[in-house]
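Overview (structure and organization)
Letter by letter, the chains look like this.
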Amino acid sequence: MPTVILLDVSLSMCRTVATHDANEILSAKQLAIYGLNVLLDYMSSNCKLELTSLMLFSSLWERNVGFTRDYELIKTALGNLDAFYDKTNIHNALKGVQDLIHEEWGTNVPCNIILVTDGNPGISSYSELDTNEKQPFLFNFPAKLHVVCVCDPAEQLANRCVSFYKRLLEMAMPKKDINSNNFLWMPESTTLKAVEKMFQRLAEANYAPYRGTLHCGSLSCSISLFPNLESYNQTKDFETVHAKASNEIIICGFMPISDIASPPVHSRHLVFATPFSKDDLSKLHSILITKDMTNYDVNAATLFDLEEALNSVLTDESREPSLCVLLHGALKIESMVAICRIGQQEWYGMIYAWSDSKKKSNLMLSTFQAGLDSIPWLGDLSKLGPVNIFNLSDEPSPSVQRKSYSTNCVVWTKQPNLLSDLQKILRLARKLPEKTPHFYKELNRFRKAALVTGFFEIIDGLATILERECQILPAGSHPEAALQLTHAVNALRVKTSDATSYDILITPMKTRFEHPVPST
């Protein structure tokens, strides 16, 4: 989940804050930077893969550091902030964040936004919230907005800004069942220790890594997930489904990738094996002493040597046996996935090997929607089992007939796919009459796909493109090229208006050359 740090650099941030310490005279900006360094230190230790960006705002906004995993770069940029600007404009800053997220991630990726300010919402902010002249600001992508005010709760300004920011949080995230108190952060006092404690609580609440155990039969392994595995909440027509994530992921069985196909997923996570913690080491020490050293006089020096030896072995991940490594290699070679139960409720997912390049491969966890019927073609997930426990003698034998949609499938879910098909037809049109059979084959394929999806406008658009291509044919081109293009344009426009023309093929214009159409 990407994070945007939105830091207020307006003129009010340079005011001196009452720190309750006689030896400390700090500004609101210094307290904010100190707290953000605490947050970045926590993220560098626990969320090394978290992409973070730094934005500055006053009446305008600017991107100071783009999305990066180099937290030292952000800390250096914070330390070099010397200039202050004019008044605060929070609404303009939030719109800037929305533009940045759209540019980098689109509208479907959830993001964390941490707004750090001195508590002063700006001169015109109250009127914008209290009147109906302007629409309330609402993120059009999944967002969690955290407002951090580095001001003394005892100040008179604090009482006014709390109500403002609570109202802002309610408007920015209305679809979430949230308590605005959980997203508004204020220190107990304006001291470095109190500010550090506040940012530490913010980090632990939102960036604590998932620690759990992966079970596969009698084998188990400590794992961590990135991004964090959160509880499942979905509002349906007549009910609200809640499923709590468990710290134990249990593999129920394995299935070929061809059977599970491409199911709808709720979230995706990288799976990492974690080394033993100090608690695990102490338990291992006690087991070794109890079982293997009961007949020996073990002194403190021996225990120290044993601990050093275990630390040297267990912290070396390359020498530690890992269930994750075993699963990754087996699933990748056998082209299978592991179906697993995520929580105590009816919530399942699948573990599989995923490669983003030829040299890099990872173990991934994709969670399904909660419920036993999350994958319709598999039926009840709780009733899946080995093939040999079912009586298949009465089942009809599978048909050997190859379905028409099994190959040459046209997918226009993204704009580049549609553009690629149009460019292919255009390339073949420029090679007429040599490519006449292939041109009509692709033309019929494109036309059928448009009729199936109800995209009739694209057929008329293709006819317009071919008509323009016919008009700009170079001098000296074969005369049959213009005849075939004109024939294709007329056929597209005539047969598109007929609702029953799906099974009708556009055939080449009969000339003195024969051009059979390849079979589809």
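Before any of the text, the structure's been laid out above.
How each quantity is defined
Residues numbered from 1 in each chain as written. Predicted model: local features only at pLDDT ≥ 70, side-chain atom pairs only at ≥ 80, totals over all residues. Heavy atoms only, no water. Core = buried A, V, L, I, M, F, W, Y, C linked by side-chain atoms within 4.5 Å. Buried < 20%, exposed > 50% of the residue type's maximum accessible area, 1.4 Å probe, protein only. Helix = DSSP H or I, 4+ residues; strand = E, 2+ residues; numbered from the N terminus. Contact = heavy atoms within 4.5 Å. Pairing = 2+ DSSP bridges. Axes fitted to C-alpha atoms, helices over the stretch in contact; angles between N-to-C directions. Polar contact = N/O pair within 3.5 Å; in protein donor to acceptor, adjacent residues only side chain to side chain. Expected span 1.5 Å × (residues − 1). Arc of directions from axis to C-beta.

1. Thoughts on the nonpolar core
Within soluble globular proteins, side chains that are nonpolar generally end up buried alongside one another. In terms of nonpolar packing, the biggest core is built from 36 residues, with Leu7, Leu54, Leu78 and Phe199 touching the most fellow members. Elements with a minimum of two residues in this core: strand E1 (3–8), helix H1 (28–46), strand E4 (52–57), helix H2 (71–79), strand E6 (111–117) and helix H6 (192–207). Sorting elements by how many residues they give to this core places H1 first, with 10 residues. Excluding residues that lie within four positions of it along the chain, Phe199 makes contacts with Ala32, Gly35, Leu36, Val38, Leu39, Val116, Val148 and Val150.

2. Focus on the sheet that holds strand E17 (residues 361–367)
The mixed closed barrel is built from seven strands, whose spatial order is E9-E10-E14-E17-E16-E15-E13. Looking at each pair of strands side by side, their axes are set apart by 40 degrees on average, direction ignored. Here strand E13 (residues 248–256) runs beside strand E15 (residues 336–341); their pairing, made up of six bridges, is antiparallel. Each bridged residue has a counterpart across the sheet, and for Ile250 the counterpart in E15 is Arg341.

3. Some points on the side chain of Ser267
Inspection of the secondary structure puts Ser267 in strand E14 (residues 267–273). A distance of 2.8 Å separates a polar atom in the side chain of Ser267 from a polar atom in the side chain of His269. At 2.7 Å, the side chain of Ser267 forms a polar contact with the side chain of Thr367. Not counting chain neighbours up to four residues away, the residues in contact with Ser267 comprise Leu365, Ser366 and Thr367.

4. With respect to helix H11 (residues 415–429)
The periodicity of an α-helix, 3.6 residues per turn, causes residues three or four places apart in sequence to face the same way. Between the first and last C-alpha of H11 there are 21 Å, a value that for 15 residues agrees with the 21 Å anticipated at 1.5 Å per step. Within H11 the residues assigned to the buried category are Leu418, Asp421, Leu422, Ile425, Leu426, Leu428 and Ala429. Seen from one end, H11 has its buried residues packed into an arc of 165 degrees, which puts them on one side.

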